[in-house]
Amino acid sequence: MKKISLAFTALASLLMVSCKVSYSFTGTSIQADVNTIYIEYFDYKALTVNPTLSNQLTEELRTRFRRMTRLEQVDAEADLELSGSITGYSISATAISSSEQATQNRLTIAVEIDFVNNKHPEDNVKKSFSQYADFPATTPFSSVESSLCTEIVDKLIEDIFNATVAQW
């Protein structure tokens, strides 16, 4: 049994070296020759204004890459470049009572990203993401907006991270 385990470990190591991709325990698959990333400030293009959302999304995305990858964040000429914009910010009713009153509302945030791998263009990604969080219609939106945005931004960051360096 020990020989099988040793053989498996050796084979896995050989495969990782031969592919020249660096795998980590954080779930990333970044090529060994990729060392830097530039994360541009996300533009706000949604019709409904949230003045802090662009900064929140950008900074939390930068924090995720700093914590979960070995990449150095730079301001120019990076191996990887990530830019994007917030394209949607809307509230809609998701549940209606028999008296045609909303009983539950949903905040939805949409973003578009453009991920460029300057060393391996086949890994480029241009994609849209959308996430939401529900809240009771009896609750004033202003009292839950901040916590809903935090919840949604966390989901969006997970989606963006997985689509770019985790390549899921």
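Above this text is the structure in question.
So, here's what we can say about the structure.

**Remarks on the packing of helix H2 (residues 53–68) against helix H3 (residues 141–164)**
Right, on to step 1. Put simply, H2 and H3 touch, their axes get as near as 10 Å, and they point 50° apart. Taken together, the axis directions place H2 and H3 in an arrangement best described as oblique. As H2 packs across H3, the resulting crossing turns out to be right-handed. Contacts between H2 and H3 pair Leu-53, Gln-56, Leu-57, Glu-60, Leu-61, Arg-64, Phe-65 and Met-68 from the former with Cys-149, Thr-150, Val-153, Asp-154, Ile-157, Glu-158, Ile-160, Phe-161 and Thr-164 from the latter.
Right, on to step 2. Taken together, the residues that form the contact of H2 with H3 break down as 10 nonpolar, 3 polar and 4 charged.

**Notes on unusual backbone geometry**
Right, on to step 1. At Glu-77, a position not held by glycine, the phi torsion is positive, near 50°.
Right, on to step 2. Mapped onto the secondary structure, Glu-77 falls in the loop between strand E5 (72–73) and strand E6 (80–96).
Right, on to step 3. Overall, the relative accessible area of 80% leaves Glu-77 in the exposed class.

**Re the pairing of strand E3 (residues 36–39)**
Right, on to step 1. Pairing geometry for E3 and E5, over 2 bridges, is parallel. Pairing of Thr-36 across the sheet is with Glu-72, part of E5.
Right, on to step 2. With 3 bridges connecting them, E3 and E6 associate as parallel partners. When the sheet's bridge partners are listed, Tyr-38 is paired in E6 with Glu-81.

**Overview of the pattern of salt bridges**
Right, on to step 1. The final tally for this structure, using the stated rule, is 6 salt bridges.
Right, on to step 2. Residue Arg-62 is joined to Glu-59 by a salt bridge in which the shortest nitrogen-to-oxygen separation is 2.9 Å. Taken together, the residues Arg-62 and Glu-59, both in helix H2 and 3 residues apart, mark about one turn of the helix.
Right, on to step 3. One salt bridge connects Arg-64 with Glu-158, and the closest N-O pair in it is separated by 2.9 Å. Taken together, the residues Arg-64 in helix H2 and Glu-158 in helix H3 connect sequence positions 94 residues apart.
Right, on to step 4. Take Arg-64: its relative accessible area is 21%, and that puts it in the partly exposed class.

**Quick notes on the environment of Lys-127**
Right, on to step 1. Locating Lys-127 in the fold gives a position in strand E8 (residues 125–136).
Right, on to step 2. We classify Lys-127 as partly exposed; its relative accessible area is 41%.
Right, on to step 3. For the pair Lys-127 and Ile-113, spaced 14 residues apart in sequence, the C-alpha separation works out to 5.5 Å.
Right, on to step 4. Setting aside anything within four residues of it in sequence, one finds Lys-127 in contact with Val-111, Glu-112 and Ile-113.

**Here we look at the pairing of E6**
Right, on to step 1. In terms of strand pairing, strand E4 (residues 43–44) meets E6 through 2 bridges, oriented parallel. Counterpart to Asp-43 in the pairing with E6 is Ser-85.
Right, on to step 2. In sequence, E6 turns back onto strand E7 (residues 102–117) through a hairpin of 5 residues, with Glu-100 there showing a positive phi of about 60°.

**Looking at the nonpolar core**
Across soluble globular proteins, nonpolar side chains have a tendency to be buried as a group.
Right, on to step 1. Counting 35 residues, the largest nonpolar core has Leu-61, Phe-65, Leu-82, Ile-109 and Ile-113 as the members making the most contacts within it.
Right, on to step 2. Those elements giving two or more residues to this core turn out to be E3, H2, E6, E7, E8 and H3.
Right, on to step 3. Counting residues per element, this core draws most heavily on H3, which supplies 10 residues.
Right, on to step 4. Ignoring anything within four residues of it in the chain, the contact list for Phe-65 reads Ile-37, Ile-39, Leu-71, Gln-73, Leu-82, Phe-161, Thr-164 and Val-165.

Criteria and thresholds
Residues numbered from 1 in each chain as written. Predicted model: local features only at pLDDT ≥ 70, side-chain atom pairs only at ≥ 80, totals over all residues. Heavy atoms only, no water. Axes fitted to C-alpha atoms, helices over the stretch in contact; angles between N-to-C directions. Helix = DSSP H or I, 4+ residues; strand = E, 2+ residues; numbered from the N terminus. Parallel < 35°, antiparallel > 145°, perpendicular 65-115°, else oblique. Left-handed = near helix turned anticlockwise from the far one by under 90°. Contact = heavy atoms within 4.5 Å. Nonpolar A, V, L, I, M, F, W, Y, C, P; charged D, E, K, R; others polar. Buried < 20%, exposed > 50% of the residue type's maximum accessible area, 1.4 Å probe, protein only. Pairing = 2+ DSSP bridges. Salt bridge = Lys/Arg side-chain N within 4 Å of Asp/Glu carboxyl O. Core = buried A, V, L, I, M, F, W, Y, C linked by side-chain atoms within 4.5 Å.

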